[in-house]
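Observations on chain architecture
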Amino acid sequence: MIKTDMKITFTGSVDEENVREFIESIKLLNKKFPDGDLLTVYISSPGGDVDISVELFNFLKLLDCKVRTVNISCVNSAAVVIFAAGDERICQPCSTFYVHSVTKKLNGDFTAEDLLREAHEMQVNTDKISTILSSVSKKNKSYWKRLMRRGCLLTSKKAKEIGLINDISEEYE
């Protein structure tokens, strides 16, 4: 029996519309290749909504096939969570990852209670992300929280050293 390697690309912002379209594309691939045993997801994204990235992370983890994620350029912010969903995580030699504190845009007037609720939500999301990243790397949650707090650009070499990726591709596919 011939194994099927399904391939798909995720580019652009991590927002509800982009992620919903991406999930639908994966569902179509699964219908087209019901015996597919590997889904390769090529990613280049500036990041975006952390809640939506966690949703896509969970969706990818629930698939019945192995998932390989490949950073083809830069995987920043919330997109790092999506990248982490790969059973196998690869990047190109010049690829980078950027992790930073969870941020939220606020518009309008807020009470102290509103701001405290938003701050609590940001802490919960920081904990979610650091839990996910620690589960796929060689570093613990406090390491990831420290990197996020100060903002950090990771080269492919550093990402491999800390276990965020499994390998650096020497080929350009």
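The residue numbers shown here count from 1 along each chain, following its written sequence. Under the rules for a predicted model, residues below a pLDDT of 70 receive no local features and side-chain atom pairs below 80 are neither given nor counted, while totals for whole chains, interfaces and linings still include all residues. Computation of side-chain values: all heavy atoms of the structure, hydrogens and water removed.

Below, the discussion takes up helix α1 (residues 16–32). Relative to the 24 Å expected for 17 residues at 1.5 Å per residue, α1 spans 24 Å between its end C-alpha atoms, a close match to the ideal helical length. Working definition: with a 1.4 Å probe on protein chains only, accessible area under 20% of the residue-type maximum means buried, over 50% means exposed, and in between means partly exposed. Runs of E in the DSSP output that reach at least two residues are strands. Runs of H or I that reach at least four are helices, and both are numbered from the N terminus. Among the residues of α1, Val19, Phe22, Ile23, Ile26 and Leu29 are the ones counted as buried. Down the axis of α1, the buried side of the element spans an arc of 115°, and every buried residue falls inside it. Facing away from the buried side of α1 by more than 90 degrees, the exposed set consists of Glu17, Leu28, Lys31 and Lys32. In this fold, the buried residues of α1 make contact with β1 (5–11), β2 (38–45) and α2 (50–61). Expected span, for any helix, means 1.5 Å times one less than how many residues it has. By arc we mean the arc of the directions from the helix axis to the C-beta atoms, nothing more. Whether two residues are in contact is decided by their heavy atoms: any pair within 4.5 Å suffices.

Bringing the pattern of salt bridges into the picture now. Salt bridge, as applied in this entry: a Lys or Arg side-chain nitrogen positioned within 4 Å of an Asp or Glu carboxyl oxygen. Within this structure, the stated rule accounts for 15 salt bridges. With its nearest N and O atoms 3.1 Å apart, the salt bridge here joins Lys104 to Glu121. Placement of the pair is Lys104 in the loop between β5 (96–99) and α4 (112–136) and Glu121 in helix α4, with a sequence separation of 17 residues. You can call Lys104 partly exposed: its relative accessible area is 36%. Taking relative accessible area as the criterion, Glu121 reaches 30% and is therefore assigned partly exposed. Between Asp127 and Lys145 there is a salt bridge, with the nearest N and O atoms lying 3.1 Å from each other.

Cysteine sulfurs are considered disulfide-paired once they come within 2.5 Å of each other. Counted by the stated rule, this structure contains zero disulfides. Note on Cys152: no disulfide assigned, nearest cysteine sulfur contributed by Cys91 at a separation of 14 Å. Exposure remark for Cys152: the relative accessible area of 13% places this residue in the buried category.

Next up on the list: unusual backbone geometry. A positive phi angle, close to 55°, is found at Ser77, a residue other than glycine. Structurally, Ser77 is set in the loop between β3 (66–76) and α3 (79–83).

To continue, consider the pairing of strand β6 (residues 152–155). Where burial is concerned, the two faces of β6 differ: the one with Cys152 and Leu154 is buried and the one with Leu153 and Thr155 is not. When DSSP locates at least two bridges between a pair of strands, those strands are taken to pair. Across four bridges, the pairing between β5 and β6 is antiparallel. Looking at the pairing, Val99 lines up with Cys152 of β6.

A patch consists of residues exposed above 30% relative accessible area that lack any salt bridge, with like charges linked at up to 9 Å and nonpolar side chains (Val, Leu, Ile, Met, Phe, Trp, Tyr) linked at up to 5 Å. The Shrake-Rupley method, run with a 1.4 Å probe sphere, supplies the accessible areas, and residue values consider only the shown protein chains as cover. Under this rule, positive means Lys or Arg and negative means Asp or Glu; His and the chain ends count for nothing. A charged residue contributes its charge at one atom only: NZ of Lys, CZ of Arg, CG of Asp or CD of Glu. Together, Asp15, Glu17, Glu21 and Asp49 make up a negatively charged patch on the protein surface. Secondary-structure assignment places Glu17 in helix α1.

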